Structures are given as structure tokens and as C-alpha cells.
Amino acid sequence: MILSTSLLIAALAVTQTLAIPSSAYTFSAYPSSTASPFTPQNLTSFTQPSSPNNFTIDGPYLEVVHEIYNLTTFPTGVAVDQDNRIFINFPRSASNNDITLGLADSFNTTVAYPNASIQTCQPGQNVSTCFVNVQSVVIDSAQRIWALDTGAGPGQTDAVEYGAKIMSFNLTTNEMIDNYVLPYSISANGTSINDVRFNLSMSTAGVAFLTDEQGSLVIIDLASHTYTRRLFNTSVVAADELFVGSFDGTPFYEWKGTQRSHVGIGSDGIALANGNLYFAPLASRRLYQINQTVLANASLTDTEILNAVEFIGQVGSYLEGFTADDQGRVYMGTAEQNSITYFNTSISSLTNSTMLNGINASSTNATNEGVIPASDIEVAPFVRSADIQWPDSMCIENGYLWFTTNQLPLQGTYQRNDITKASLPYKVYRTSVGGAGPAV
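Keep in mind the model is a prediction, meaning the values are calculated, not measured. (Residues numbered from 1 in each chain as written. Predicted model: local features only at pLDDT ≥ 70, side-chain atom pairs only at ≥ 80, totals over all residues. Heavy atoms only, no water.)

**A closer look at the sheet that holds strand β22 (residues 310-314)**
How we decide: Here, any two strands with at least 2 DSSP bridges between them count as paired. By the criteria applied, helices consist of DSSP H or I runs no shorter than four residues and strands consist of E runs no shorter than two, each listed in order from the N terminus. Angular values range over 0 to 180 degrees, each being the angle between N-to-C directions of two axes fitted as lines to C-alpha atoms, with helices fitted over their stretch in contact.
Read across the open sheet, the four strands follow the order β19-β20-β21-β22; overall the sheet is antiparallel. Of all strands in the sheet, those bounded by a partner on one side alone are β19 (267-273) and β22. Recorded for the sheet is a direction-independent mean angle of 20° between the axes of neighbouring strands. Where strand β20 (residues 276-281) meets strand β21 (residues 286-291), four bridges bridge the pair, whose relative direction is antiparallel. If you follow Leu277 over to β21, its bridge partner there is Ile290.

**Things to note about the environment of Arg286**
Under the convention used in this document: Only protein chains enter the accessibility calculation, which uses a 1.4 Å probe; a residue whose area is less than 20% of its type maximum is buried, one above 50% is exposed, and one in between is partly exposed. The contact rule is simple, with two residues in contact once any of their heavy atoms fall within 4.5 Å. Pairing of N or O atoms within 3.5 Å defines a polar contact, subject to two protein rules: one partner must be a possible hydrogen donor and the other a possible acceptor, and residues neighboring in sequence count only if both atoms are side-chain atoms.
Position of Arg286 relative to the elements: it lies in strand β21. Residue classification places Arg286 among the buried positions, given a relative accessible area of 10%. Considered as a pair, Arg286 and Phe311 are 25 residues apart in the sequence and their alpha carbons are 7.8 Å apart. With residues near it in sequence (within four places) discarded, Arg286 still touches Ser235, Val236, Ala238, Ala239, Asp240, Ala280, Pro281, Phe311, Gly313, Gln314 and Leu319. Side chain to side chain, Arg286 and Tyr288 meet in a polar contact 2.7 Å long.

**What to know about the sheet that holds strand β4 (residues 86-89)**
Read from one edge of the open sheet, four strands run β3-β4-β5-β6, paired in antiparallel fashion. The sheet is open, and its two edges are formed by β3 (78-80) and β6 (110-112), each paired on a single side. With strand direction ignored, the average angle separating the axes of adjacent strands in the sheet is 30°. Looking at chain direction, strand β5 (residues 101-104) and β6 are connected through three bridges and run antiparallel. Residue pairing for β6: Ala104 is matched across the bridge by Thr110.

**As for the nonpolar core**
Nonpolar side chains in soluble globular proteins tend to end up buried together. Rules: In these notes, a set of buried Ala, Val, Leu, Ile, Met, Phe, Trp, Tyr and Cys residues joined through side-chain atoms within 4.5 Å is what counts as a nonpolar core.
Grouped together as the largest cluster of nonpolar side chains are 33 residues, with contacts concentrated most on Ile86, Tyr318, Trp390 and Trp402. Elements with a minimum of two residues in this core: β2 (63-68), β3, β4, β28 (400-405) and β29 (426-432). Core analysis: the next-biggest nonpolar cluster, separate from the first, contains 21 residues, Tyr278, Ala324, Ile347 and Leu356 among them.

**Considerations on the state of the cysteines**
Inclusion rule: For the purposes of this analysis, a disulfide is any pair of cysteine sulfur atoms at a distance within 2.5 Å.
By the definition in use, this model includes one disulfide. One disulfide bridge connects Cys121 with Cys130, the sulfur atoms lying 1.9 Å from each other. Taking the torsion about the sulfur-sulfur bond, which here is approximately 110°, the covalent link between Cys121 and Cys130 counts as right-handed.

**Observations regarding the confidence of the model for the protein**
So the rule is basically this: As a per-residue quantity, pLDDT reports the predictor's confidence and falls between 0 and 100.
Confidence along the protein averages 89 in pLDDT terms, with 89% of residues attaining 70 or more. Under a pLDDT of 50 for its full length, residues 1-17 has, in the predicted model, 44 contacts with residues more than four places off or in other chains. Contacts of residues 42-50 to residues separated by more than four positions or lying in other chains number eight contacts, the stretch itself having pLDDT below 50.

**Examining the packing of aromatic side chains**
Under the convention used in this document: Think of it this way: a Phe, Tyr or Trp ring, Trp meaning its six-membered ring, pairs with another when their centres are within 6.5 Å, and the plane angle makes it stacked under 30 degrees, edge-to-face over 60, tilted otherwise. Placement of a positive charge over a ring is assigned whenever Lys NZ or Arg CZ falls within 6 Å of the ring centre and within 35 degrees of the normal to the ring plane.
Scanning the model with the defined rule gives 19 aromatic pairs in all. Judged by centre distance (5.0 Å) and plane angle (75°), the ring pair of Phe87 and Tyr113 falls under edge-to-face. With Phe87 in strand β4 and Tyr113 in the loop between β6 and β7 (134-139), the pair connects residues that are 26 residues apart, well separated along the chain. For the pair formed by Phe87 and Tyr113, the shared burial category is buried. Ring centres of Tyr342 and Phe382 lie 6.3 Å apart, and the angle between their planes is 80°; this geometry places the pair in the edge-to-face category. Pair noted here: Tyr342 is in strand β25 (residues 339-344) and Phe382 is in strand β26 (residues 380-384), with a separation of 40 residues, a long-range link. Take Tyr342 and Phe382: they sit in the same class, and that class is buried. Feature note: the residues Phe243, Phe247, Phe252, Tyr318, Trp390 and Tyr414 constitute an aromatic cluster, connected by ring pairs. The ring of Tyr253 has Arg260 sitting right over it, with the charged end atom 4.2 Å from the ring centre. Across from the ring centre of Tyr400, 4.2 Å away, lies the NZ or CZ of Arg430, which sits over that ring.

As C-alpha cells, then:
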């Protein structure tokens, strides 16, 4: 489905002035001995624990940089700017938090970002100009911060009209730059946008790629405000039927009182690297890729787009948040193993010791253009710890991978009688990626 809208961006009324920190609070010193080079876990020394509570860290050092002490206000997205300021969003899927997008101003407090008035839509207000439910926060390569709003409030499964959107803000002035509201003919048709990545080198002003948990990918041309929904209702973006994962050794279901059902979350994690878009349905253990230029080509049919999707394989865990660095590595939250895994996409990253199916660093040719083919991608452990309790979202900045943990399967939606079993605090971590920067 391809639609174009012309949006009138209303000025956002600011009724309260907040002191937005211009620099980060001070973190503890990250151990220099573990900060470089790139140090995924040592597989030769890895030991299998008997339970998730009796093993420590395999892989690089994990540093807690922020803690959240409100049980119903769990984090999903995290974005970090070049000054190490930490932006966190708090979805309103289950509760009506005062803040749905915030900036950490100390180790355990946040302030509303970009202001307090935008956090909640008032009666009669145009919901395209305020936050309904921010699910993800991302900083692009032009250093603009983006809030992804599902448009569906507490207890709602469908977005309200004009509520589903992505909004960009200036990190220096905190003023809104632009606003992309999904046409209601898309958002009303069982859409739940979840995450977004940007390629600003495509088209005139760049392209945004969004995952939709209800089963599709959405592409936005940032210059023309053109919206395209792709792969809708196809198997590559859909949850596995009757999917059952595990978390801390316990089967993972959805619950409504004593009525048990299965997790049905479709396309969720997303990353851009080496010209490809990598994605996965959450309620599965499947990983896919598709060329970004092909996916953004509005002249192709849905069948042609589907035929261009490549199946990388089963990866042994359901997959949450994705991110990528400028070395061509893609990182994925793999909560089933209390871990973060990664894979290389650049042939140049391979050595004789990491040779795959005969491919090594000298295997670049006109056919593969230096990118590891889908059939030869190898997912490997990066860091594993009992403290990694559902790594929901992540980003790369200043040589670190930053990620949130929110114990999602312990939230009421996934527990019998809707009783939350999560324990405080929720945490934001960082761990070294050997000086790598974010993918561009």
C-alpha cells in the first residue's frame, strides 16, 4: 500500500519550562583493560550454568549507567547522543506514565523530554502534536532525535487516528523539526509500529524504515512524506503459530487472568548495515535480510518485495532490539540465553580463524560486493550475564553498546492473573565495542 500525505505541523505549545541537561552526569570509569579491542565472549572458556542466577559475565564488562525505580514505568528504547546524554522512553501499554520520553538527569532520575506538555495529549488536542505512547527513541546520523509513537494508549490495541507517528527534535534547542503521521488507512489496519532506523543517504532527504509488530514493514520517504507498507500479512514478518519461548528457564506465554494464550508479536528488531535491512519477528527464532534499495522501491510489487527477502536462518532465541556499528556488525538481544549476540556483515571482517564456508577477507568480488551472503552469516555470542534480563533496545555511541533491560516476560501481561513479578530496578547498561561508532 502506497500513500502520500501533506502534513501541517502545528507548533507545540510549551506550558512548562524544564531544565534540560546539556551534558551527561558522570559515570564511573569503564575499566580501560576491557575497553578495547572488540571483545566478545571467549567461547573456549565459556561454562554452562545450571541456572540463570549462578553465572557472571561472559564477554566484555557490563556497566550500569542508569536505574529506574518505578515498577509500572519500565523502559524500552534508549538513545545516547555524542555528549553521552541518555534518552529513554517508557511505553504506556499497561499504565499511563507521566513521562513517556525522558532524559536521564542523574543515575536514577529522568526529566520529561523535550518538555512536559508534549507528554500527554489533552482533551480535544490534535494527537499528531503530542505523545500518545512512545515505544522507541533513536538518534540519526544527522544528530536529530526521533520519538516513535504507536498512537495506542493503555489497554488499546489499535492506534487512534493521527496518533501513530515519528517526530524529530533538535538536540540543541529541543524544538520539533518534523512530524510524520501514518495515514489512518495504514495505522487503523492492525498496525503497531515498534522501532525505526534511518538511511539519510537514500532519496532526497533520507528514508525511514519501521517495523510493525502486527506484521509488516513501513517505509517513509522523508522528503515527500510518502508512506509504503510492505510484506503485510506475510510469513516473514509474522509470529510463529502457537509460539512458546522461555525466559529464565520458564515457558513464556501471554495471560489475561487465568486465560493463557501465545505471544503473537511479529516484526520487531531492525538494523541497517552494508546496504541491507536485517529484521526478525519477535515470537519466532527466525532472522531475515532484504536490500534497502529494493525495499524502498515503490515501483516494485508486493510479490517482488517478498521474493527479495532472504532467510538467514534460525538463531536459537527469539530476538528483541537490534543495532549495528560502523564495522558492519549487527547486535541482537537474545533474552532466551540472557545475552546479546552479534554477526558480521562485512567480508573484510573475516580472518582465517573466522572463515565461513570458504569465505575470508580476500573473498570480495563483484557478486557479493564485500557483504557476507545470507547463507554464510554466523551468529555468535557477544556478552552473556544473568543481569541481562530482556535486553529490549540498544544503540551504539562513543565506542559503547548501550541497552535497556526491562524483564518484559515478568510484566503482568505475561503472568498468570496479570500479577507483575518484575523486580526493581530496571537498568540501562553500556559495554565496550572496541571504539566502534554507530552504523551510518
